[in-house]
Amino acid sequence: MNRQSFDRFLFRSSLTRALREFYWSEGFVELETPVLENVSSGAASKPFKTHHNALDMDVYLRIAGGELWQKMALIGGFEKTFEVARCFRNEGMDPSHLQEFTMIEHYCAFWDYEDNMKFTERMFEFALKKLLGTTKVKVKDREGNEVEVDFKAPWPRVGFTKIIEVDCGIDVLKYDEAAPLL
């Protein structure tokens, strides 16, 4: 192992800790939901499949972070939940897409998407300031060039259909059916 790898492991550990601290300070309860599921759900990805000998049934490694379990917890009375979840997707692999990864997923009763966006902005600001002392981070763009991104709130708001139109040249609102878009 070299120093760069060592530092990356330390940063990841510190990031996970900072995110947990933020969730706890906001009144969230951390859940640990099943990794083995009898129905693969939560995303449109291909799951890993295995056989559960004791139950004599096929099961799947989860592809998302306990979405349905957390929603059931909300119904059961937990108002705010989160999970730091190991997830698995049986798909292609490249430096930006691993088959095994960690996902953080949270749910809050009575929030709308605007509340969730504001919360996410605050979470990023908290973690970046705590770990880096700034909200500015250097990342690589699609062409591999290093660019600086400032995560200071508020972030720009762009509608999903507008992103599709800008990035793909398709105005999906002009179509009444999905078939012509396939």
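Heads up: the structure comes first, above all this text.
Residues numbered from 1 in each chain as written. Predicted model: local features only at pLDDT ≥ 70, side-chain atom pairs only at ≥ 80, totals over all residues. Heavy atoms only, no water.

Caption draft 1: Here's a closer look at the pattern of salt bridges. Enumeration according to the criterion identifies 12 salt bridges in this entry. Among the salt bridges present, the one from Arg 3 reaches Asp 7, with a minimum N-O distance of 3.0 Å. Of this pair, Arg 3 and Asp 7 are both found in helix α1 (residues 3–25), four residues apart, which corresponds to roughly one turn of the helix. Residue class for Arg 3 comes out exposed when judged on its relative accessible area of 54%. Accessibility expressed as a relative area gives 35% for Asp 7, which makes it partly exposed. (Salt bridge = Lys/Arg side-chain N within 4 Å of Asp/Glu carboxyl O. Helix = DSSP H or I, 4+ residues; strand = E, 2+ residues; numbered from the N terminus. Buried < 20%, exposed > 50% of the residue type's maximum accessible area, 1.4 Å probe, protein only.)

Caption draft 2: Structural detail: the sheet that holds strand β3 (residues 49–52). Across the sheet, which stays open at both edges, the three strands sit in the order β2-β4-β3 with antiparallel pairing between neighbours. Edge strands, defined here as strands with exactly one partner in the open sheet, are β2 (36–37) and β3. Where β2 and strand β4 (residues 57–61) come together, two bridges link them in antiparallel fashion. Along β4, the bridge assignment pairs Glu 37 with Tyr 60. (Pairing = 2+ DSSP bridges.)

Caption draft 3: How the structure looks around the nonpolar core. Core analysis: the biggest nonpolar cluster contains 10 residues, these being Ala 18, Leu 19, Phe 22, Tyr 23, Phe 28, Phe 82, Cys 108, Phe 119, Met 123 and Ala 127. Taken together, the elements giving at least two residues each to this core come down to α1 and α3 (113–132). Counting residues per element, this core draws most heavily on α1, at four residues. Ignoring any residue separated from it by four or fewer positions in sequence, one finds Tyr 23 in contact with Phe 28, Phe 82, Ile 104, His 106, Phe 119 and Met 123. (Core = buried A, V, L, I, M, F, W, Y, C linked by side-chain atoms within 4.5 Å. Contact = heavy atoms within 4.5 Å.)

Caption draft 4: The arrangement of unusual backbone geometry in detail. Look at the link from Ala 153 to Pro 154: it is a cis peptide, with omega at 0°. Even without being a glycine, Asp 56 presents a positive backbone phi close to 50°. Assignment of secondary structure puts Asp 56 in the loop between β3 and β4.

Caption draft 5: How the structure looks around a nonpolar patch on the surface. Together, Met 1, Phe 6, Phe 9 and Leu 10 make up a nonpolar patch on the protein surface, roughly 490 Å² of accessible area in all. Tracing the backbone through its elements, the reader meets Met 1 in the segment before α1. (Patch = residues over 30% accessible without salt bridge, like charges linked within 9 Å, V, L, I, M, F, W, Y side chains within 5 Å. Areas by Shrake-Rupley, 256 points an atom, 1.4 Å probe, with all protein chains shown as cover.)

Caption draft 6: Region of the structure containing the sheet that holds strand β5 (residues 80–88). If you trace the three strands from one edge of the open sheet to the other, you get β1-β5-β6, paired in mixed fashion. Each having just a single partner strand, β1 (29–30) and β6 (100–108) make up the two edges of the open sheet. Note: β5 against β6, nine bridges, orientation antiparallel. When the bridges of β6 are listed, Lys 80 appears paired with Cys 108. In the packing of α1 onto the sheet, contacts are made with β1, β5 and β6, and the angle to β5 comes to roughly 155°. The strands touched by helix α2 (residues 67–75) within the sheet are β5 and β6, with β6 carrying the most contacts at an inclination of about 20°. (Axes fitted to C-alpha atoms, helices over the stretch in contact; angles between N-to-C directions.)

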